[in-house]
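Architecture and fold: a report
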Number of protein chains: 2
Amino acid sequence: MAGNTPDFPDRLRAAGLRPTRQRVALARVLFEGGHRHVTAESLHAEVKATRMPVSLATVYNSLNQFRDAGLLREVVVAPGRSYFDTNTGHHHHFFVENDGELHDFPSEKVTIAGLPTPPKGTRLSRVDVIVRVRR
Amino acid sequence: MAGNTPDFPDRLRAAGLRPTRQRVALARVLFEGGHRHVTAESLHAEVKATRMPVSLATVYNSLNQFRDAGLLREVVVAPGRSYFDTNTGHHHHFFVENDGELHDFPSEKVTIAGLPTPPKGTRLSRVDVIVRVRR
DNA sequence: CAAGAAGATTAGAACTATTCTAATCCTTGC
DNA sequence: GCAAGGATTAGAATAGTTCTAATCTTCTTG
Ligand SMILES: [Mn+2]
Ligand SMILES: [Mn+2]
Ligand SMILES: [Zn+2]
Ligand SMILES: [Zn+2]
């Protein structure tokens, strides 16, 4: 297991981002442990609980930068707020409409057949499957 | 073709909504002609062009009421704005990320196999497939 | 058809999520 | 250590949407 410890400053540098204290604190919350789905507000609350002062503006800046660097992906499932997903691989989502929870499911077992070809002059970017459920 | 003329006051009454002048004007723009994908702002611009004065608040109210009555469905594909879809049947969407355009495609030919069962205590509500494309 | 009651519309204020501004602060390469 | 450029921040600004409460319309009933 040597070399498996995540070095957040290095990971940020590798992504072309300076490892500032705020970005390292955010990366820690986001990337140590399993995959996460966070909103700007929920991440802000979590990182503040670690006693590292980070402004909400920096949370937004960092989420957008992490996404642009490919460390996160943005998921839009409900009007009014964006989720950011630490799982950047191919997968799809359950969305529990009552409480706004997002859960991954692997795209391996899912087969989508018969998708029409993209409109003239466009290239496929991504296929999102959102399974909406209610309690 | 007799009896095929859409009577918007009657359609609104059948949906449990009073056929006010504003709602009839909005229904006309939305439902005469083929299926549409509109935003509140785009619909407001269109209905104002018919010289019927309708406030933006009424456009929002009506869109939400039409959706609650099952005349429209709401589609969330991009952060910050909702689309309303006059096609309430089963179908999926192309989303052209550059210009924000939505296009339908029928769900008939699309087969989705191997979806996992919903999380414990939840019931399936809807499955959305969004094919994101870029120019 | 005349009221009157219930419901709808509206302007503008309020609200929420997000971005911007521009002043201060940190990180980095020398 | 010292710039210099990048990052952070508070607070203002913006965009989409909802709310408030006053006015207006539609519908029911006599
Ligand atoms: Mn963004
Ligand atoms: Mn709504
Ligand atoms: Zn995910
Ligand atoms: Zn559609």
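Residues numbered from 1 in each chain as written. Chains lettered and ligands numbered in written order. Predicted model: local features only at pLDDT ≥ 70, side-chain atom pairs only at ≥ 80, totals over all residues. Heavy atoms only, no water.

Turning next to the protein's contact with DNA strand C. Within the structure, DNA strand C sits among 20 residues, and A:Tyr60, A:Arg81, B:Thr20, B:Arg23 and B:Thr58 are positioned closest to it. Across the atoms of DNA strand C situated within 4 Å of the protein, the share located in sugar and phosphate is 85%. Between B:Gln22 and DNA strand C, the recorded distance is 2.9 Å, taken from a side-chain N or O atom to a sugar or linking oxygen. A distance of 3.1 Å separates a phosphate oxygen of DNA strand C from a polar atom in the backbone of B:Pro53. (Near = heavy atom within 4 Å. Polar contact = N/O pair within 3.5 Å; in protein donor to acceptor, adjacent residues only side chain to side chain.)

What follows deals with helix 3 (residues 40-49) of chain A. Residues and elements named next belong to chain A. Burial in helix 3 covers these residues: Ala 40, Leu 43, His 44 and Val 47. Looking straight down helix 3, one finds its buried side chains confined to an arc of 105°; they lie on one side. The elements touched by buried residues of helix 3 are helix 2 (21-31), strand 1 (37-38) and helix 4 (56-68). In the stretch just after helix 3, Arg 51 is the one whose phi turns positive, near 70°. (Buried < 20%, exposed > 50% of the residue type's maximum accessible area, 1.4 Å probe, protein only. Helix = DSSP H or I, 4+ residues; strand = E, 2+ residues; numbered from the N terminus. Arc of directions from axis to C-beta. Contact = heavy atoms within 4.5 Å.)

This brings us to the interface of chain A and chain B. Counting from both sides, the interface comprises 38 residues of chain A and, opposite them, 38 residues of chain B. For the pair chain A and chain B, the summed buried area comes to about 2900 Å², and 62% of that belongs to carbon and sulfur atoms. In this structure, the connection of chain A to chain B is made through two salt bridges. Between A:Arg132 and B:Asp128 there is a salt bridge, with its nearest N and O atoms 2.8 Å apart. Scanning the region where chain A abuts chain B turns up 14 residue pairs in polar contact (both at pLDDT 80 or more). Contributions of two or more residues to the side of chain A that touches chain B are made by strand 2 (73-78), strand 4 (91-96), strand 5 (101-106), strand 6 (111-113) and strand 7 (123-134) of chain A. Ranked by residue count, the leading element in the side of chain A that touches chain B is strand 7 of chain A, at twelve residues. Residue composition of the side of chain A that touches chain B, grouped by class: 20 nonpolar, eight polar and ten charged. Inspection of the sheet shows strand 6 of chain A paired to strand 6 (residues 111-113) of chain B by three bridges, in the antiparallel sense. (Buried area = accessible area lost by both parts, 1.4 Å probe. Salt bridge = Lys/Arg side-chain N within 4 Å of Asp/Glu carboxyl O. Nonpolar A, V, L, I, M, F, W, Y, C, P; charged D, E, K, R; others polar. Pairing = 2+ DSSP bridges.)

The values are spatial; any link to function lies outside them.
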